[in-house]
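What follows is each chain in one-letter form.
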Amino acid sequence: MLCSVGLPAAWAQQGPRRTTPAALPPDTIRRTLDTVRVVTRKGDIETTVKYQAKDSIRFNVQEKKATLYDKANVDYGEMSLKAGVITVDYNQNVLTAEGLKDSTGRVRDKPVFKDAAETYQAGRIAYNFKTRKGKISEAITQQGEGYIHAEVVKKNELNEIYGLRGRYTTCNLEHPHFFINASKMKVVPRKQVVTGPFNLVIGDIPTPLGFLFGYFPSPGKSRASGVIIPTFGQAVDRGFYLTNGGYYWAINQYLGLRVTGSVYSGAGVSFGGFGVNTDLTYRKRYRYDGRLDFSYSRRPAGQLLRSEAVNTDPNVRRNFKPRTFWLSWSHNPTPRPGGGRFSANVRTGSPEFNQQNTLDVRNYLTPAFNSTISYQKQLRNLPINYSVQAAQDLNTITGTVNLTLPDVTVGVQRQNFYRLLGLPTRGAWYEQFAVAYQLTGQNRLTNVEQARVLEAGIPLLGGQAQSRTIPVRFDNLRPFLRNAQTAVQNRFDITLGQYNLFRHFSLTPTVNYGQTWYNKQLNYTYVPAARAVRIDTVRGFNIVHNVSYGASLSTNLYGTVNFKPGGKIQAIRHRLAPSINFTGSPNYQGSRRLYDQLRLGDLRNTSGQLLTPLNDTRAFSRYAGFPFAIPAGGRVSQVSFGLQNQVEMKVRNKQDTTGTQPYKKVSLIDGFDLSSGYNFAADSLRLAPLSVSFRTQVAQKLNFLVSSSLNFYQRDSTGRLIDRYLFEAKRLARLDNASVQLTYQFDSNRRPGQPGNRQQRVAPTNDPVLGNPNQPDSYVDYLDFTIPWTLNASLGALYQDPGPRAPRPGFERQRSWPTVALNVSGEVKLTDKMRLSYTSGYDFVANRITITQLNFFRDLHCWQITGSWTPVGQIQGFSVTIGAKSALLQDLKLNRNRTFLNR
């Protein structure tokens, strides 16, 4: 039976005035299903006190007390109290609550007290609802991510807590796995927990770890400023160190700054170096978010191990660059209609940084990093868009840095001539004519000075015979800018419409015109006295024109084979898509604007052969190495052929139980494509190689891709193509190159034969209010034991024709299969709490295992174990960390590692 009574404030203070309560004896049990709310004059009790109990409510009118039995509940403003027994004393304005013992002596319905945002579980509670002070025995309360346990707690009107013989932990069990034990503590809600002398207790075993006082931030919001405790360790060549220590500054709700550093003691008089890392994160809801990370490292340049012993380990004999840095920046805007979009993805720095300071396999093995910063905008009510971009390419192996600064693009969407000019339309074929325009301007910088050499062994006057990489420093800014290449490209794409021929063919003619503007060009002069060619760079405005035209004719053919109705296979369909493309362009080889024509006389190469026939000329490009590809070669009049094939099968759908989709489509061949071409304007080698590609998928798991190129021409003993077809030598074609790639993906979430909706056993919720979770049934766990796992495997192979057989002894041919490698990665769930991930591979050409890494994670409820092991390679080593999961106690951890950074 549920009883609830609401007592007005005046009655609670002045005694009964109503007829019915006054007529009752002083000690009477009253049961009712209604809640009485009477508004009276203001007294000590400022609002209605709501009572509720499952069994009964006893009122003692003379003593002004109310006692609630079994599942009792009292609500007073923002205060709420639930317990087995609750007593309300109106004389003292005190609420008293405690649990009830059952027949076995177990205490149930322990008091749960809530005051505004604070919640407490306790053995006994006494609370003055006038002064908002209280005394709580055997208290448990949550403060942020932490939990406070105390034998006795006193709470004042400011919600500050003073605890005696308290425990602080981030474990959410009533009996926590670990805690910080302190005789006295003070808790300021949503701010901090301060204790006297404390020590750490793990698994009910006291440890000597502790201090004279403790300070633990307990912010109500998700972020707070605080000190980051460093990790202590020792490196063989750099001495003792403190690493990753610093400070996190929660600047405001949008910004957060993390500054950490590392310092090494070194050996003897040699300083071991230091490192600094700054990490700035920012976010503005519905606008953008990003992260800026800058790292700087300084270390000795000597060997890792200072020893006189002979050691062939490459990790021991490595030399390091003393000063390295790395910058990462990502900025992601939230798309908005009609607004501009600013985005950034920057990863740049010293090429040696990732090889010297990171254990991330992906960054360690990545040979090149790309960075872009761009702003894009589509103008409202106009078909115009523009973008401004800065880009960088960094090669960590060669140290090459290429910058495009800036890269400006302005585009006009395709516009119909008739609509653009406002002319009336009548449906004529020429009314489909449309044009699109794009302007692109680029300024390219590089730290590589290209070798000033010419092809075919032609001697060059001055210049350098080999390319040179300029170190990226401020004092090298002048040669860096001297290599700048600037150009502007204008491109017009003219569409002449799309027309249907003979009902089944689609014809699309196009015309493209472009201009490229350069601020300089190269002039070539042959100097007979020096028997070499001189190259001069001439400044000035130059225009390069480019015109091309073409047409495309395509269609689709279908063939279907139907089978017996009601069978497992209903039909097989073959789609055939042939296409013919024509491309034409004028002869640019003889253009004086693009090429310098030189007579080299009787100039010979090192073998004594004439470089050019007497009285003949050789063409040299005036814009070699400049931005944008200039038109090259002679006249083009080429017809290209393409043939695409796709095969599908319609089979019975076993998963359909309603009859709405009795059949489903299954792809047998995703694509089998062939393409080639023939240039009628070429002097020789008119037939282009045949490109063949085949791709399919087996059981939606195995992807199979094969691509190859076949040549139809013969070659001489040096491997150079000659203008003779292979079929004259009774061969159809020669395989020049081919690649094969197989990828397999598997995800095992359940054992075969088990239903997909099988109930999974989950761990019970760990909550201090609920007490200890129920112990799992070990036999059920063994019966339901599964090992879900994922596997991603990729096998790649590359074939290249090694060329003709060696015509002379001692000449070594190239490998036919330069690359054959297997890569695997995945994850294994050993238990519900433990996972193992892996990545590895094998190089069949070098006969060695590629970089292998094993990572494991073990969940220990409020603790966790993480580890990583790299058994082979230059970054081989291991790292194991045992630590608390909560961010508040992230420095409560034990780490052991042995890597190339501290070997």
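Residues numbered from 1 in each chain as written. Predicted model: local features only at pLDDT ≥ 70, side-chain atom pairs only at ≥ 80, totals over all residues. Heavy atoms only, no water.

Observations concerning the pattern of salt bridges
- For the structure shown, the criterion picks out 22 salt bridges.
- Across the salt bridge formed by lysine 133 and glutamate 157, the nearest N and O atoms sit 4.0 Å from each other. Here lysine 133, found in strand E13 (residues 133-143), pairs with glutamate 157, found in the loop between strand E14 (146-155) and strand E15 (161-169); they are 24 residues apart in sequence, far enough to count as distant.
- Exposure remark for lysine 133: the relative accessible area of 44% places this residue in the partly exposed category.
- Where salt bridges share partners, they join Asp70, Lys71, Arg108 and Asp109 into one cluster. (Salt bridge = Lys/Arg side-chain N within 4 Å of Asp/Glu carboxyl O. Helix = DSSP H or I, 4+ residues; strand = E, 2+ residues; numbered from the N terminus. Buried < 20%, exposed > 50% of the residue type's maximum accessible area, 1.4 Å probe, protein only.)

Section: the confidence of the model for the chain
- Averaged over all residues, the pLDDT of the chain equals 78, while 82% of them reach at least 70.
- Overall, residues 1-43 carries pLDDT values under 50, and its contacts beyond four positions in sequence, including any with other chains, amount to 81 contacts. (pLDDT = per-residue confidence, 0-100. Contact = heavy atoms within 4.5 Å.)

Section: a nonpolar patch on the surface
- Where nonpolar side chains cluster on the molecular surface, the patch consists of Val227, Ile229, Tyr247, Trp249 and Ile251 and spans about 470 Å² of accessible area.
- Considering the arrangement of structural elements, one finds tyrosine 247 in strand E23 (residues 239-249).
- A relative accessible area of 39% means that tyrosine 247 is categorised as partly exposed. (Patch = residues over 30% accessible without salt bridge, like charges linked within 9 Å, V, L, I, M, F, W, Y side chains within 5 Å. Areas by Shrake-Rupley, 256 points an atom, 1.4 Å probe, with all protein chains shown as cover.)

Thoughts on the packing of aromatic side chains
- Under the defined criterion, the tally for this structure stands at 27 aromatic pairs.
- Arranged with centres 4.8 Å apart and planes meeting at 50 degrees, the rings of phenylalanine 113 and tyrosine 127 form a pair that is tilted. Linking phenylalanine 113 in strand E10 (residues 112-115) with tyrosine 127 in strand E12 (residues 124-128), this pair joins segments that are 14 residues apart in sequence. With respect to class, phenylalanine 113 is no different from tyrosine 127; both count as buried.
- With centroids separated by 4.8 Å and ring planes inclined at 40 degrees, the aromatic side chains of tyrosine 437 and phenylalanine 492 adopt a geometry described as tilted. Of the two residues, tyrosine 437 sits in strand E32 (residues 434-446) while phenylalanine 492 sits in strand E35 (residues 485-495), which places them 55 residues apart along the sequence.
- An aromatic cluster is built from Phe113, Tyr120 and Tyr127, whose rings are joined through pairwise contacts. (Phe/Tyr/Trp six-rings, centres within 6.5 Å; stacked < 30°, edge-to-face > 60°.)

Some thoughts on the environment of glutamate 145
- Take glutamate 145: it is sitting in the loop between E13 and E14.
- Judged by its relative accessible area of 42%, glutamate 145 falls in the partly exposed class.
- Measuring from C-alpha to C-alpha, the distance between glutamate 145 and threonine 169 comes to 8.8 Å, with 24 residues separating the pair along the chain.
- Apart from the residues lying within four places of it in its own chain, the contact partners of glutamate 145 are Thr170, Ser886, Ala887 and Leu888.

Re the state of the cysteines
- Tallied over the entire structure, the rule returns zero disulfides.
- Note on cysteine 171: no disulfide assigned, nearest cysteine sulfur contributed by cysteine 862 at a separation of 3.6 Å.
- Residue class for cysteine 171 comes out buried when judged on its relative accessible area of 0%. (Disulfide = S-S within 2.5 Å.)

Brief notes about the side chain of asparagine 277
- Structurally, the position occupied by asparagine 277 is in strand E25 (residues 273-284).
- Among the polar contacts listed, one links the side chain of asparagine 277 to the side chain of aspartate 293, at a separation of 2.8 Å.
- A distance of 2.4 Å separates the side chain of asparagine 277 from the side chain of serine 295, its partner in a polar contact.
- Contact partners of asparagine 277, with chain neighbours within four places excluded, come to Arg258, Val259, Thr260, Asp293, Phe294 and Ser295. (Polar contact = N/O pair within 3.5 Å; in protein donor to acceptor, adjacent residues only side chain to side chain.)

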